[in-house]
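# Architecture at a glance
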Amino acid sequence: MSGYPMAPRVWLVAGLLMGTAHAAEAALTVSPNRVVLQAEPDDVQTGFYDVENSGDDTVDVSVEPEDWSGGIGGGRGTVPWLTVRPKRFTLHPGKRTRVKYTIRIPKDASGELRTQVFFTTERGEGIVARSRLGTIIYVGIKGTETIEGAITQVSASYAPATPESAQADRLDVAIRIQNLGNVHIVPDGKVTVRDRTGNVAATVPLRSGWGLLPKEEDLYHAIGHGIHLPPGRYTMDVTIYCG
(Lines give C-alpha, C1' and ligand atoms only; values in the text may rest on other atoms or scores of the structure.)
Protein backbone atom coordinates (compact mmCIF):
# COMPACT_ATOMS: atom_id res chain seq x y z
CA MET A 1 0.00 0.00 0.00
CA SER A 2 1.50 3.31 -0.99
CA GLY A 3 1.67 6.14 1.52
CA TYR A 4 0.32 9.66 1.28
CA PRO A 5 2.34 12.54 2.78
CA MET A 6 0.99 15.08 5.24
CA ALA A 7 3.23 18.13 5.50
CA PRO A 8 2.18 21.04 7.71
CA ARG A 9 4.60 23.82 8.66
CA VAL A 10 4.98 25.12 12.20
CA TRP A 11 7.25 27.66 13.90
CA LEU A 12 9.96 27.00 16.47
CA VAL A 13 11.89 29.58 18.49
CA ALA A 14 15.18 28.18 19.73
CA GLY A 15 16.26 28.95 23.28
CA LEU A 16 12.70 28.76 24.65
CA LEU A 17 11.05 25.77 26.31
CA MET A 18 8.47 24.75 23.99
CA GLY A 19 6.53 13.92 24.73
CA THR A 20 9.78 -11.39 17.42
CA ALA A 21 6.93 -12.27 19.56
CA HIS A 22 8.18 -14.09 22.63
CA ALA A 23 6.57 -15.59 25.73
CA ALA A 24 9.37 -15.58 28.29
CA GLU A 25 7.54 -17.65 30.89
CA ALA A 26 7.19 -20.66 28.64
CA ALA A 27 10.09 -19.87 26.28
CA LEU A 28 7.65 -20.20 23.37
CA THR A 29 8.42 -18.36 20.15
CA VAL A 30 6.09 -17.87 17.19
CA SER A 31 7.06 -16.61 13.75
CA PRO A 32 5.87 -14.52 12.00
CA ASN A 33 4.46 -12.22 14.67
CA ARG A 34 2.66 -10.13 12.05
CA VAL A 35 1.06 -11.12 8.74
CA VAL A 36 0.05 -8.44 6.20
CA LEU A 37 -1.81 -9.65 3.11
CA GLN A 38 -3.92 -8.32 0.27
CA ALA A 39 -6.78 -10.31 -1.22
CA GLU A 40 -9.96 -10.02 -3.21
CA PRO A 41 -13.44 -10.99 -1.98
CA ASP A 42 -13.96 -14.77 -2.11
CA ASP A 43 -10.20 -15.43 -2.19
CA VAL A 44 -8.60 -18.23 -0.17
CA GLN A 45 -5.07 -17.84 1.18
CA THR A 46 -3.00 -20.11 3.40
CA GLY A 47 0.17 -19.79 5.43
CA PHE A 48 2.05 -21.22 8.39
CA TYR A 49 3.24 -20.25 11.84
CA ASP A 50 6.50 -21.78 13.09
CA VAL A 51 6.24 -22.51 16.82
CA GLU A 52 9.21 -23.51 18.98
CA ASN A 53 9.61 -24.43 22.65
CA SER A 54 13.11 -23.38 23.65
CA GLY A 55 12.46 -23.85 27.38
CA ASP A 56 12.96 -26.75 29.75
CA ASP A 57 9.31 -27.64 30.32
CA THR A 58 6.71 -29.38 28.18
CA VAL A 59 3.84 -27.03 27.33
CA ASP A 60 0.28 -27.51 26.12
CA VAL A 61 -0.59 -24.92 23.47
CA SER A 62 -4.01 -23.72 22.35
CA VAL A 63 -4.35 -21.59 19.19
CA GLU A 64 -7.13 -19.05 19.69
CA PRO A 65 -8.07 -16.48 17.00
CA GLU A 66 -9.96 -13.43 18.28
CA ASP A 67 -11.82 -10.70 16.42
CA TRP A 68 -9.86 -7.44 16.62
CA SER A 69 -11.76 -5.48 13.98
CA GLY A 70 -12.62 -2.91 16.65
CA GLY A 71 -9.10 -2.58 18.02
CA ILE A 72 -8.28 -2.59 21.71
CA GLY A 73 -11.71 -1.32 22.68
CA GLY A 74 -13.67 -3.67 20.43
CA GLY A 75 -15.34 -7.00 21.00
CA ARG A 76 -13.55 -10.33 21.13
CA GLY A 77 -15.77 -12.62 19.11
CA THR A 78 -14.94 -15.55 16.87
CA VAL A 79 -13.27 -15.17 13.47
CA PRO A 80 -15.40 -17.03 10.91
CA TRP A 81 -13.07 -16.23 7.99
CA LEU A 82 -10.01 -17.83 9.62
CA THR A 83 -9.30 -21.45 10.52
CA VAL A 84 -6.17 -22.87 12.17
CA ARG A 85 -4.89 -26.46 12.32
CA PRO A 86 -4.05 -27.88 14.77
CA LYS A 87 -5.98 -25.96 17.41
CA ARG A 88 -4.24 -27.73 20.29
CA PHE A 89 -0.91 -29.51 20.62
CA THR A 90 1.78 -30.44 23.12
CA LEU A 91 5.31 -29.19 22.56
CA HIS A 92 8.25 -30.79 24.35
CA PRO A 93 11.47 -28.90 25.20
CA GLY A 94 13.60 -28.10 22.15
CA LYS A 95 10.86 -29.15 19.74
CA ARG A 96 9.09 -27.14 17.07
CA THR A 97 5.98 -27.53 14.95
CA ARG A 98 3.95 -25.71 12.33
CA VAL A 99 0.42 -24.37 12.53
CA LYS A 100 -1.44 -23.84 9.27
CA TYR A 101 -3.87 -20.95 8.87
CA THR A 102 -6.46 -20.65 6.10
CA ILE A 103 -8.14 -17.35 5.26
CA ARG A 104 -11.42 -17.33 3.34
CA ILE A 105 -12.37 -13.80 2.37
CA PRO A 106 -16.13 -13.08 2.64
CA LYS A 107 -17.79 -11.98 -0.59
CA ASP A 108 -18.92 -8.69 0.96
CA ALA A 109 -15.60 -7.86 2.64
CA SER A 110 -14.20 -4.34 2.26
CA GLY A 111 -11.45 -2.25 3.78
CA GLU A 112 -9.46 -4.57 6.01
CA LEU A 113 -9.93 -7.76 8.02
CA ARG A 114 -8.04 -7.98 11.32
CA THR A 115 -7.53 -10.67 13.91
CA GLN A 116 -5.21 -11.51 16.76
CA VAL A 117 -4.14 -15.16 16.88
CA PHE A 118 -3.20 -16.09 20.45
CA PHE A 119 -0.95 -19.01 21.35
CA THR A 120 -1.98 -19.88 24.90
CA THR A 121 0.35 -22.09 26.94
CA GLU A 122 -0.16 -23.98 30.18
CA ARG A 123 2.51 -25.73 32.21
CA GLY A 124 3.02 -27.06 35.71
CA GLU A 125 0.98 -29.17 38.10
CA GLY A 126 -1.12 -27.91 40.98
CA ILE A 127 -0.44 -24.23 40.31
CA VAL A 128 -0.72 -23.90 36.52
CA ALA A 129 1.17 -21.09 34.77
CA ARG A 130 -0.83 -19.71 31.83
CA SER A 131 0.37 -17.16 29.28
CA ARG A 132 -0.89 -15.81 25.95
CA LEU A 133 1.29 -14.80 23.04
CA GLY A 134 -0.49 -12.74 20.38
CA THR A 135 0.25 -12.40 16.68
CA ILE A 136 -1.76 -10.24 14.32
CA ILE A 137 -3.13 -10.73 10.80
CA TYR A 138 -4.12 -7.83 8.53
CA VAL A 139 -5.87 -8.57 5.23
CA GLY A 140 -6.47 -5.59 2.94
CA ILE A 141 -9.34 -6.06 0.48
CA LYS A 142 -8.13 -5.01 -2.96
CA GLY A 143 -9.99 -2.14 -4.57
CA THR A 144 -11.75 -1.09 -1.36
CA GLU A 145 -8.84 0.28 0.70
CA THR A 146 -8.70 3.92 1.73
CA ILE A 147 -5.41 5.17 3.15
CA GLU A 148 -5.81 8.57 4.76
CA GLY A 149 -4.43 10.27 7.82
CA ALA A 150 -4.30 13.67 9.47
CA ILE A 151 -1.90 15.52 11.71
CA THR A 152 -4.17 16.94 14.41
CA GLN A 153 -1.59 18.58 16.66
CA VAL A 154 2.09 19.53 16.65
CA SER A 155 4.14 20.90 19.53
CA ALA A 156 7.87 21.27 20.02
CA SER A 157 10.35 21.80 22.83
CA TYR A 158 14.03 22.63 22.63
CA ALA A 159 16.36 22.31 25.61
CA PRO A 160 19.86 23.67 24.95
CA ALA A 161 22.81 22.27 26.81
CA THR A 162 24.17 24.37 29.68
CA PRO A 163 27.42 24.22 31.67
CA GLU A 164 25.41 22.96 34.64
CA SER A 165 23.82 20.14 32.62
CA ALA A 166 25.55 16.99 31.41
CA GLN A 167 22.88 16.44 28.77
CA ALA A 168 23.28 17.44 25.13
CA ASP A 169 20.95 19.77 23.24
CA ARG A 170 17.57 18.10 22.81
CA LEU A 171 14.80 18.77 20.31
CA ASP A 172 11.47 16.99 20.87
CA VAL A 173 8.66 17.37 18.34
CA ALA A 174 5.35 15.78 19.42
CA ILE A 175 2.98 14.95 16.57
CA ARG A 176 -0.56 13.67 17.07
CA ILE A 177 -1.73 11.55 14.12
CA GLN A 178 -5.22 10.26 13.33
CA ASN A 179 -6.12 7.42 10.98
CA LEU A 180 -9.00 8.56 8.75
CA GLY A 181 -8.94 5.56 6.41
CA ASN A 182 -10.43 2.06 6.58
CA VAL A 183 -7.16 0.10 6.93
CA HIS A 184 -4.37 0.20 9.50
CA ILE A 185 -1.45 2.56 8.93
CA VAL A 186 2.10 2.65 10.29
CA PRO A 187 3.11 6.33 10.28
CA ASP A 188 6.65 7.17 9.26
CA GLY A 189 8.30 10.44 8.41
CA LYS A 190 10.63 13.21 9.50
CA VAL A 191 10.89 16.75 10.79
CA THR A 192 13.06 19.19 8.85
CA VAL A 193 14.20 22.27 10.76
CA ARG A 194 15.18 25.34 8.71
CA ASP A 195 16.78 28.57 9.83
CA ARG A 196 15.66 32.06 8.89
CA THR A 197 17.43 31.84 5.51
CA GLY A 198 15.79 28.53 4.61
CA ASN A 199 18.87 26.39 5.12
CA VAL A 200 18.38 22.98 6.77
CA ALA A 201 19.56 23.13 10.38
CA ALA A 202 18.50 19.60 11.34
CA THR A 203 16.55 16.58 10.13
CA VAL A 204 14.98 14.34 12.77
CA PRO A 205 13.25 11.01 11.93
CA LEU A 206 9.92 10.09 13.45
CA ARG A 207 10.00 7.41 16.13
CA SER A 208 7.52 4.97 14.72
CA GLY A 209 7.11 1.20 14.70
CA TRP A 210 3.51 0.82 15.86
CA GLY A 211 0.36 1.19 13.83
CA LEU A 212 -2.99 2.91 14.05
CA LEU A 213 -6.29 1.19 13.30
CA PRO A 214 -9.10 3.10 11.55
CA LYS A 215 -10.41 6.02 13.67
CA GLU A 216 -7.54 5.66 16.16
CA GLU A 217 -5.32 8.58 17.14
CA ASP A 218 -1.98 8.56 18.94
CA LEU A 219 1.03 10.71 19.79
CA TYR A 220 4.35 10.16 18.01
CA HIS A 221 7.69 11.86 18.65
CA ALA A 222 10.67 12.98 16.60
CA ILE A 223 13.53 13.40 19.08
CA GLY A 224 16.96 14.70 18.19
CA HIS A 225 19.87 14.67 20.63
CA GLY A 226 22.94 16.83 20.14
CA ILE A 227 21.17 19.24 17.78
CA HIS A 228 22.45 22.75 18.45
CA LEU A 229 20.16 25.58 17.43
CA PRO A 230 21.54 29.07 18.13
CA PRO A 231 18.91 31.55 19.39
CA GLY A 232 16.75 32.67 16.49
CA ARG A 233 13.64 31.92 14.49
CA TYR A 234 13.17 28.53 12.79
CA THR A 235 10.53 26.72 10.79
CA MET A 236 9.75 23.00 10.95
CA ASP A 237 8.45 21.01 7.99
CA VAL A 238 6.66 17.95 9.41
CA THR A 239 6.20 15.21 6.83
CA ILE A 240 4.33 12.03 7.72
CA TYR A 241 3.76 9.07 5.42
CA CYS A 242 0.86 6.70 6.04
CA GLY A 243 1.55 3.30 4.55
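Report on the accompanying structure.

Cut-off values and rules
- Residues numbered from 1 in each chain as written.
- Predicted model: local features only at pLDDT ≥ 70, side-chain atom pairs only at ≥ 80, totals over all residues.
- Heavy atoms only, no water.
- Salt bridge = Lys/Arg side-chain N within 4 Å of Asp/Glu carboxyl O.
- Helix = DSSP H or I, 4+ residues; strand = E, 2+ residues; numbered from the N terminus.
- Buried < 20%, exposed > 50% of the residue type's maximum accessible area, 1.4 Å probe, protein only.
- Pairing = 2+ DSSP bridges.
- Axes fitted to C-alpha atoms, helices over the stretch in contact; angles between N-to-C directions.
- Polar contact = N/O pair within 3.5 Å; in protein donor to acceptor, adjacent residues only side chain to side chain.
- Contact = heavy atoms within 4.5 Å.
- Core = buried A, V, L, I, M, F, W, Y, C linked by side-chain atoms within 4.5 Å.
- Phe/Tyr/Trp six-rings, centres within 6.5 Å; stacked < 30°, edge-to-face > 60°.

For the rest of this paragraph, the subject is the pattern of salt bridges. According to the stated counting rule, one finds seven salt bridges in the structure shown. Close ionic contact of arginine 132 with glutamate 66 constitutes a salt bridge, the shortest N to O distance being 2.9 Å. Pair noted here: arginine 132 is in strand E12 (residues 129–141) and glutamate 66 is in strand E7 (residues 59–67), with a separation of 66 residues, a long-range link. Residue arginine 132 is classed as partly exposed on the basis of its relative accessible area, which comes to 37%. Assessed through its relative accessible area of 16%, glutamate 66 is described here as buried. Through salt bridges with shared partners, a single network forms among Glu64, Glu66 and Arg132.

If you walk across this open sheet you meet the three strands as E13-E14-E17, and the pairing is antiparallel. Edge positions in the sheet fall to strand E13 (149–159) and strand E17 (217–225), since each of these pairs with one other strand and no more. Averaged over neighbouring strand pairs, the angle between their axes works out to 15 degrees when direction is ignored. Across nine bridges, strand E14 (residues 170–179) lies against E17 in antiparallel orientation. Note that in E17 the partner of isoleucine 175 across the bridge is tyrosine 220.

This next bit is on the side chain of asparagine 179. Position of asparagine 179 relative to the elements: it lies in strand E14. Using a relative accessible area of 1% as the deciding quantity, one classes asparagine 179 as buried. Here leucine 212 takes part through its backbone oxygen, which lies 3.0 Å from a polar atom of the side chain of asparagine 179. Engagement of the side chain of asparagine 179 in a polar contact is seen with the backbone oxygen of leucine 213, the distance being 3.2 Å. Excluding residues that lie within four positions of it along the chain, asparagine 179 makes contacts with Glu148, His184, Ile185, Leu212, Leu213, Pro214, Lys215 and Glu216.

Quick look at unusual backbone geometry now. Among all residues except glycine, the phi angle is most often negative; among peptide bonds, the trans geometry is most common. Of note, the amide linkage connecting serine 31 to proline 32 takes the cis form, showing an omega dihedral of 0 degrees. Looking at the secondary structure, you find proline 32 in the loop between strand E4 (28–31) and strand E5 (34–39). Put simply, arginine 85 and proline 86 share a cis peptide bond, and its omega is -5 degrees. Of note, proline 86 is situated in the loop between strand E8 (82–85) and strand E9 (88–91). Positive phi values are uncommon outside glycine, yet aspartate 42 reaches one of about 80 degrees. By secondary structure assignment, the location of aspartate 42 is in the loop between E5 and strand E6 (44–53).

Moving on: the nonpolar core. Core analysis: the biggest nonpolar cluster contains 27 residues, and Tyr49, Val51, Phe119 and Val139 have the highest contact counts within it. In this structure, tyrosine 49 is in contact with Val30, Ser31, Pro32, Val35, Thr97, Arg98, Val99, Tyr101, Val117, Phe119, Thr135 and Ile137, ignoring residues within four places of it in sequence. Val204, Leu212, Tyr220 and Ala222 belong to the second-largest nonpolar core, a separate cluster that totals 24 residues.

Per the counting criterion, the structure on display carries three aromatic pairs. Here tyrosine 49 and phenylalanine 119 contribute two aromatic rings whose centre-to-centre distance is 5.3 Å and whose plane-to-plane angle is 80 degrees, an arrangement assigned as edge-to-face. With tyrosine 49 in strand E6 and phenylalanine 119 in strand E11 (residues 112–123), this residue pair connects regions lying 70 residues apart in the sequence. An identical accessibility class is assigned to tyrosine 49 and phenylalanine 119; each is buried. An angle of 5 degrees between the planes, with centres 4.4 Å apart, marks the rings of tryptophan 210 and tyrosine 220 as stacked.

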